[in-house]
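Structure at a glance
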Amino acid sequence: MNIALNSIHSLRGYRMPGEYEPQQSVWMGWPHRADNWRENGKMAQQAFIDVATTIAEKTAVTMIVSPLHYDQARAKLPDSVRVVEMSYDDCWLRDIGAVYVVNDKQQRKAIDWQFNAWGGLVDGLYAPWDSDDKVAKKMAEINNDSCHRAPMILEGGAIHVDGEGTLFTTEECLLHESRNPDLSKAQIESQLQAHLGVEKIIWLKQGLYNDETNGHVDNLMHVVKPGEVLLTYCDDPLIPQYAISQQAYQTLREARDAKGRKITIHKLPMPGPLYITKEEAQGIVASDGMSRQEGERLAASYANFLISNGQIVYPLLDERHDQEVFNILQRVFPDYEIKGIAAREIVLGGGNIHCITQQIPL
């Protein structure tokens, strides 16, 4: 107990920076899991290459790759992307990678949250997940950073921060029975405050419709900068997302951030609806945890983009809305380069560009 208290004490003065702040690098993982990525990841790999290559124009990229696929990945990836051999179960670096905090002395530390494959034995997507659970610590060791093991299950995609004391999350995920059933809402807030240096937590009710992560906030909204967010919006009452987005909009509209500011909300259109095709389903090995059947509705969202060193890398998902989203992002981020990446193969795996990346601050 004293060790745990001392460890948390060592985090005083640290905060999780906003994604808009300077980054040293971005980490990703190579897709290969046959029950999640069709044809053993072959189709998704090109999308990951495109994402990594684009990010590398502004920020150093490290790709972790399993020993069996190292030569393949190294041959396909450009020299600008560092390839590191590492064991892992699947490649969602946002959720399995280290979450970093910094202080005003330009020091940083890695937070190693516990991971249970989005639900463990209750409703997890696969087992085992022990290799995934070791990735954050390995990242910290490679970067020569001190690492704090947090006493709580949390995926990086379940939170967004503004860098000035405000954290956004969903009740659907953090209060789900498969995460931390022994912790109350107040205790979860205390853990987030102690480890991430946040003061105010804004709770949205639910995440995106049919999101198998139990409603990660990063698939519903994104922080632009302090006091400003982008939200997946729906104004058609016949679409299941309608009630979720309307409620989230109202919650954000009524909220005040850690500095007492009202929050400016920019609306993002929804792609689709998009569904898994027969051909796509046939390329995936069936499993108990993940639903990859023909006709399954994809949890597709334009909010699932990455901000990195003056660049926005966003998913191209629906030609009816891709240009509209570009225009919105260009308006909201006037000084950024906006790059779109064909990302259907990523969303087929259950997430998108934000989910497959994890930034490390300077």
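Look above for the structure.
Residues numbered from 1 in each chain as written. Predicted model: local features only at pLDDT ≥ 70, side-chain atom pairs only at ≥ 80, totals over all residues. Heavy atoms only, no water.

1. Thoughts on a positive patch on the surface
Condition: Patch membership needs two things, relative accessible area over 30% and no salt bridge, and members are linked within 9 Å if like-charged or within 5 Å if nonpolar (Val, Leu, Ile, Met, Phe, Trp, Tyr). All accessible-area figures derive from a Shrake-Rupley calculation using a 1.4 Å probe, and residue coverage is judged against the displayed protein chains alone. The term salt bridge refers to a pairing of a side-chain nitrogen on Lys or Arg with a carboxyl oxygen on Asp or Glu at a separation within 4 Å. Residues scored as charged are limited to Lys and Arg (positive) and Asp and Glu (negative), so that His and the chain ends carry no count. Think of each charge as sitting on NZ of Lys, CZ of Arg, CG of Asp or CD of Glu. Helix numbering and strand numbering both begin at the N terminus, where a helix is a DSSP run of H or I of at least 4 residues and a strand a DSSP run of E of at least 2. Residue exposure (1.4 Å probe, protein chains only): buried if accessible area is under 20% of the type maximum, exposed if over 50%, otherwise partly exposed.
On the surface, Lys200, Arg253, Arg256, Lys262 and Lys267 cluster together into a patch of positive charge. Relative to the assigned elements, Arg253 resides in helix H9 (residues 241-254). Exposure remark for Arg253: the relative accessible area of 53% places this residue in the exposed category.

2. Considering the sheet that holds strand E15 (residues 337-342)
Short version of the rule: Any two strands with at least two DSSP-identified bridges between them are counted as paired. Axis definition: a line fit to C-alpha positions, over the contact stretch in the case of helices; interaxial angles, taken between N-to-C directions, run 0 to 180 degrees. The contact rule is simple, with two residues in contact once any of their heavy atoms fall within 4.5 Å.
On the basis of which strands lie adjacent, the open sheet formed by 3 strands has the order E13-E14-E15 and mixed pairing. A strand with exactly one partner marks an edge of an open sheet, and here the two such strands are strand E13 (306-308) and E15. Across the sheet, the axes of successive neighbouring strands diverge by a mean angle of 25 degrees, strand direction being ignored. Where E13 meets strand E14 (residues 311-316), 3 bridges bridge the pair, whose relative direction is antiparallel. Paired with Ser308 across the strands is Gln311, a residue of E14. Contacts from helix H2 (residues 42-55) reach E13, E14 and E15, with the element oriented near 165 degrees to E15.

3. Thoughts on helix H8 (residues 185-196)
Stated precisely, the cut-off is as follows: Here, expected helix span is obtained from the residue count minus one, scaled by 1.5 Å. Of all possible arcs, the one meant is that of the directions from the helix axis to the C-beta atoms.
For H8, with 12 residues, the first-to-last C-alpha span of 16 Å sits near the 16 Å given by 1.5 Å per residue. Burial in H8 covers these residues: Ile188, Gln191, Leu192, His195 and Leu196. Looking straight down H8, one finds that the buried residues subtend no more than 95 degrees of arc, so they occupy a single side. Looking one or two places after H8, you find Gly197, whose phi comes out positive at around 70 degrees.

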